[in-house]
Amino acid sequence: MAAAPTNVQALKPAIHALVPVIHHGIEPERFPVGSGDGDYLLFLGRLSPDKGAHIAARVAREVGMPLVLAAKCREAAEHEYFEHQLAPLLGGNIEYVGEVCGTEKLGLLGGARALLNPIAWPEPFGLVMIEALACGTPVVATRHGSVPEIVDHGLTGFVVDSCDDLAPFLERIDTLDRVACRAAVESRFSMAQMVAAHETLYTRVASGSSHT
């Protein structure tokens, strides 16, 4: 008799067969493909310990790569985190540029060599990751939440089990395929694909064939 699955990751295929998982979608045409010629890593998100901006800063310094930190810092907890955990790590090639949006965000995404996403919590879905991929920018992230569902290890990025593993894989980012990054979004994370998946689910429910 086969051994029972012992972790959530192993159970996912069975769960997905019963309850379809529909990933968030974006409009790829709104994300221009960049060349990654900015010669920097990018952290994009909000300032919180579980998002890992301080980890990104430490790892970038370890490998000697410039890092741009573009993150929201409005609330009291975010300011406290910035002052006590992130600010001491800034300087040299580690730069905090504040919160960005619109064309400024797209420019940073397209110019980055990689998006560094050292999250430490089971994030249901990382929109920033598919935005980076849409711009042709690979993602290097820790194995939490939706990361393994979004990033194709060795093709559109690297998925690591520990923050200690980030540095070695950052040194291999030039082996990743920026064309494949964009193609992954067009085929799996587009708005059209998301709408089609919802329509399929609604049809199943209406016909009484859904297991949900």
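Owing to the predicted nature of the structure, the values given are computational and were not obtained by experimental measurement.

Caption draft 1: Structural view of the side chain of Thr 156. Mapped onto the fold, Thr 156 is located in the loop between helix H6 (147-150) and strand S6 (157-160). Judged by relative accessible area, Thr 156 falls into the buried class, the value being 0%. From its side chain, Thr 156 meets the backbone nitrogen of Asp 152 in a polar contact 2.9 Å long. Aside from chain neighbours lying at most four places away, what touches Thr 156 is Leu 133, Pro 138, Val 139, Ile 150, Val 151, Leu 176, Ala 180, Cys 181 and Ala 184.

Caption draft 2: Molecular detail of unusual backbone geometry. The phi torsion at Asp 39 lies on the positive side, around 60°, for a residue other than glycine. Along the chain, Asp 39 turns up in the loop between helix H1 (8-18) and strand S1 (41-46).

Caption draft 3: Local environment of the pairing of S1. Inspection of the sheet shows S1 paired to strand S2 (residues 67-72) by six bridges, in the parallel sense. Paired with Arg 46 across the two strands is Lys 72, which belongs to S2. Regarding topology, helix H2 (residues 53-63) serves as the crossover connection from S1 to the parallel S2, and that connection is right-handed. As paired elements, S1 and strand S4 (residues 114-117) share two bridges and run parallel to each other. Among the inter-strand pairings, Leu 42 is bridged to a residue of S4, identified as Leu 115.

Caption draft 4: Layout of the pattern of salt bridges. Counting across every chain of the model gives 11 salt bridges. When the shortest N-O distance is used, the salt bridge between Lys 51 and Glu 123 registers 2.5 Å. Remark: Glu 123 occurs in the loop between S4 and helix H5 (127-134) and Lys 51 occurs in the loop between S1 and H2; sequence separation between them is 72 residues. With respect to class, Lys 51 is no different from Glu 123; both count as buried. A salt bridge links Glu 75 to Lys 72, with the shortest nitrogen-to-oxygen separation between them at 3.6 Å. Here the salt bridges do not stand alone but share partners, grouping Asp 39, Arg 113 and Asp 174 into one network.

Caption draft 5: Quick peek at the layout of surface pockets. Estimates place the volume of the largest pocket at around 300 Å³. Lining of the largest pocket is provided by 18 residues; of these, Leu 44, Gly 45, Arg 46, Val 128 and Glu 131 occupy positions nearest its centre. Of all the elements in the fold, those that place two or more residues in the lining of the largest pocket are S1, S2 and H5. For the lining of the largest pocket, the per-class residue count stands at eight nonpolar, three polar and seven charged.

What counts, and where the lines are drawn
- Residues numbered from 1 in each chain as written.
- Predicted model: local features only at pLDDT ≥ 70, side-chain atom pairs only at ≥ 80, totals over all residues.
- Heavy atoms only, no water.
- Helix = DSSP H or I, 4+ residues; strand = E, 2+ residues; numbered from the N terminus.
- Buried < 20%, exposed > 50% of the residue type's maximum accessible area, 1.4 Å probe, protein only.
- Polar contact = N/O pair within 3.5 Å; in protein donor to acceptor, adjacent residues only side chain to side chain.
- Contact = heavy atoms within 4.5 Å.
- Pairing = 2+ DSSP bridges.
- Right-handed = clockwise from strand over helix to strand, strands pointing away.
- Salt bridge = Lys/Arg side-chain N within 4 Å of Asp/Glu carboxyl O.
- 1 Å grid on protein atoms, 1.4 Å probe; cavity = no way out; pocket = protein on both sides within 12 Å on 5 of 7 lines; lining within 4 Å.
- Points joined across faces, edges and corners; volume = space filled by probe spheres on them.
- Nonpolar A, V, L, I, M, F, W, Y, C, P; charged D, E, K, R; others polar.

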